[in-house]
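# Working through the structure, step by step
Here is how the chains run, residue by residue.
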Amino acid sequence: MTKKKRHFGLFVYLGIELRNFVFSGLSERLSEFADVSIISHQQADVFQELVASKNLNLIKIPYRNVLDNYRGKIEGYFLSVRRARLRLKGRVVFNLWHNTIPKRVKDYFIGNSVVYMLYQIVSTFEIRKRYYNEILADLILQNKITDIILQSYFSIENMTIAITAQKLGCRIWVVNWSWKDLYINEYIPFNPDGFFTWSESLKELYQSSNKHINAARIKAIGNISYDRMINYQPSRDRSYYATKYSFDIGKPLLLYTMVHPRIFPDEQLIALRIAQSLEDQDLNFVILMKPNPMDTNWERFKSVERHGTLVTLENLWFYDKASDFNMITDEGQTEWLDLIYYSVANISVASTVTIEYLVMNKPVINILFENDNKQHPEFVRLFNSPFYGILHNRKDVIGCYTVTDVIDVLKDVHSFSGKNESLDDIIISNGQSLERFVNQVKEA
């Protein structure tokens, strides 16, 4: 097809999609053979400035309420049936904010194949009707959009875009947002032209859970945001960061990435205890604290800083709670990757940050305790989650139950390298994710 015949709409709802859609180079590659626009209701100046700086067209959804909707009763029943069926099959379901429901007697009644097929059929009709939106349809038609790219598949907003666009004849391409999505909601409620996930094992699980989709449409490519991390070379010298954050350039760096404050609001005290223990044992590390982007109380991190040894990084993310908008900046992206490169290890509660460190051949120390050295149930639950458990046998992912455990690892941190261990079970990390994605959508 010629450029005039293709117009890609990249749907941005939360802002985090920009890492895959823009910072990865995807929008630039698509523009080589098609028109490319960002579709969003977001109004933040920093967002609009980024879109303009990348020479992208912005299609504005007139107001946020366009995307407002709620899940239907049948859709909710179908979700219960699917989860019961998964439990009967021995598959673990993961919930972000609370413990997962164990297998119940009820599951044997609602999790059988007959009930599943019935609710799947009825739910499909309900979803197609409920999530079609006339205002979005007019936007898509007016702008002659031929292809929609989404990050993730089960949010109400993404379903509204996908089902509306698909009814108009648009192609739908879905990038798997996270490796944990499958364990939160394994079912893709529409039929995309292509679904791109992280690994062969995830591909097979998605195929087994989505028989209504041609298996050939579900592909394993890796993560398009991580390609640039393969054999990464920093944009700035280590001396730049030593000057900016006032630490000794010769000291090894630890990057402590903080958890969402809703999970634990006093993590700065854990960082302080680790820093004090390092000093007590004359271990000359510098801990760089990176607060969670959705944490608005940065003063608590500043309050525990220790000159040259415990430092808070600059906030290079834009977060607006009112509009639920969360976006890394160009500068933030550069600094993040540079500091991974220069650090010797990451300290964090179990999260996707682990994968970024492993891709760059750096070990991860997972915190499983509170500032009083007691186990934190949620930290442990995340560490033992079905998507994270696959990492437990790796030498470069170390769960620590006390500050002493952390110090023991740091005394010999270089011995925990997993450079020669394969990441294939977790993510395809050959640096070709973007090329594979672009080649697939270009050929459609």
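What counts and how
Residues numbered from 1 in each chain as written. Predicted model: local features only at pLDDT ≥ 70, side-chain atom pairs only at ≥ 80, totals over all residues. Heavy atoms only, no water. Buried < 20%, exposed > 50% of the residue type's maximum accessible area, 1.4 Å probe, protein only. Helix = DSSP H or I, 4+ residues; strand = E, 2+ residues; numbered from the N terminus. Pairing = 2+ DSSP bridges. Right-handed = clockwise from strand over helix to strand, strands pointing away. Patch = residues over 30% accessible without salt bridge, like charges linked within 9 Å, V, L, I, M, F, W, Y side chains within 5 Å. Areas by Shrake-Rupley, 256 points an atom, 1.4 Å probe, with all protein chains shown as cover. Salt bridge = Lys/Arg side-chain N within 4 Å of Asp/Glu carboxyl O. Contact = heavy atoms within 4.5 Å. Axes fitted to C-alpha atoms, helices over the stretch in contact; angles between N-to-C directions. Arc of directions from axis to C-beta. Phe/Tyr/Trp six-rings, centres within 6.5 Å; stacked < 30°, edge-to-face > 60°. Lys NZ or Arg CZ within 6 Å of the ring centre and 35° of its normal.

## Some points on the pairing of strand β9 (residues 286-290)
- Within β9, five of the five residues are buried, which leaves the element mostly enclosed by the surrounding structure.
- The alternating pattern of β9 places Val 286, Leu 288 and Lys 290 on one face and Ile 287 and Met 289 on the opposite face, and all of these are buried.
- With five bridges joining them, strand β8 (residues 253-257) and β9 adopt parallel strand pairing. Its bridge partner lying in β9, Leu 254 is registered against Ile 287.
- A crossover links β8 with its parallel partner β9, the connecting element being helix α12 (residues 267-280), and its sense is right-handed.
- Pairing analysis gives three bridges linking β9 to strand β10 (residues 310-312), with the strands arranged parallel.

## So, a nonpolar patch on the surface
- Together, Leu 118, Ile 121, Val 122 and Phe 125 make up a nonpolar patch on the protein surface, roughly 410 Å² of accessible area in all.
- Of note, Leu 118 is situated in helix α6 (residues 113-130).
- On the basis of relative accessible area, Leu 118 is assigned to the exposed category, the value being 52%.

## Observations concerning the pairing of strand β2 (residues 35-40)
- Within β2, five of the six residues are buried, which leaves the element mostly enclosed by the surrounding structure.
- Summarising the sheet, β2 and strand β3 (residues 57-60) pair through four bridges and their orientation is parallel. Within β3, the position partnered with Ser 40 by the bridge is Lys 60.
- This β-α-β element, β2 to helix α3 (residues 45-53) to β3, shows right-handed connectivity.

## Regarding the environment of Glu 126
- When you line up the elements, Glu 126 lands in helix α6.
- When residues no more than four places from it in sequence are discounted, the contact partners of Glu 126 are Gly 72, Lys 73, Ile 74 and Glu 75.

## Looking at the sheet that holds β10
- With respect to topology, six strands assemble into an open sheet ordered β10-β9-β8-β13-β14-β15, the strand pairing being parallel. Two strands bound the open sheet, and with one partner strand each, they are β10 and β15 (397-400). If you compare each strand with its neighbour and ignore which way they point, the axes differ by 25° on average.
- α12 contacts β8, β9, β10 and β14 (364-367) of the sheet and is inclined by roughly 160° relative to β8.

## Looking at helix α18 (residues 433-442)
- Those residues of α18 lying buried are Ser 433, Leu 434, Phe 437, Val 438 and Val 441. Relative to the axis of α18, the buried residues are bounded by an arc of 120° and lie together on one face.
- The inward-facing, buried residues of α18 contact β1 (7-11), α2 (26-30), β4 (147-151), β5 (171-175) and β6 (194-197).

## So, the packing of aromatic side chains
- Within this structure, the stated rule accounts for 25 aromatic pairs.
- Measuring from centroid to centroid gives 5.0 Å for Tyr 153 and Phe 154, while their planes differ by 80°, and the two rings are edge-to-face.
- Among the aromatic residues, ring-to-ring pairing joins Phe 94, Trp 179, Tyr 183, Trp 198, Tyr 226, Phe 383, Phe 387 and Tyr 388 into one connected group.
- Directly above the aromatic system of Tyr 341 lies the positively charged group of Lys 362, at a separation of 5.8 Å from the ring centroid.

## Considering the sheet that holds strand β7 (residues 218-220)
- Ordered in space as β3-β2-β1-β4-β5-β6-β7, the seven strands form an open sheet in which the pairing is parallel. Of all the strands in the sheet, the pair left with one neighbour each is β3 and β7. Shown here is a sheet whose adjacent strand axes are inclined to one another by a mean of 25°, direction ignored.
- Contacting β2 and β3, α3 crosses the sheet at an angle of about 140° to β3.
- Sheet contacts for α18: β1, β4, β5, β6 and β7; angle to β5, the most-contacted strand, approximately 170°.

## Description of unusual backbone geometry
- We note that Asn 361 has phi near 60°; this positive angle belongs to a residue other than glycine.
- Positive phi values are uncommon outside glycine, yet Asn 373 reaches one of about 75°.
- Here Asn 373 shows up in the loop between β14 and α16 (377-383).

## Things to note about helix α10 (residues 200-209)
- What α10 keeps buried is the set Leu 202, Lys 203, Tyr 206, Gln 207 and Ser 209.
- Of the surrounding secondary structure, the elements contacted by the buried residues of α10 are α6, α9 (181-184), β6 and β7.

## Remarks on the side chain of Asn 326
- Relative to the helices and strands, Asn 326 is located in strand β12 (residues 325-328).
- Ignoring anything within four residues of it in the chain, the contact list for Asn 326 reads Leu 14, Gly 15, Ile 16, Pro 293, Met 294, Trp 317, Phe 318 and Tyr 319.

## Here's the deal with the pattern of salt bridges
- Scanning the entire structure with this criterion turns up 19 salt bridges.
- Lys 54 serves as the salt-bridge partner of Asp 330, at 3.8 Å between the closest nitrogen and oxygen. You can see Asp 330 sitting in helix α14 (residues 330-342) and its partner Lys 54 sitting in the loop between α3 and β3, a full 276 residues away along the chain.
- Given a relative accessible area of 35%, Lys 54 falls into the partly exposed group.
- The partner of Glu 331 in a salt bridge is Arg 236, with the nearest N and O atoms 2.9 Å apart. Taken together, the residues Glu 331 in helix α14 and Arg 236 in the loop between β7 and α11 (238-245) connect sequence positions 95 residues apart.
- The partly exposed category is assigned to Glu 331, whose relative accessible area is 25%.
- Under the relative-accessibility criterion, Arg 236 is labelled partly exposed at 25%.
- Linked by salt bridges that have partners in common, Arg 6, Asp 147 and Arg 171 make up one network.

Everything listed here is a matter of coordinates, which is why it stays silent on function.
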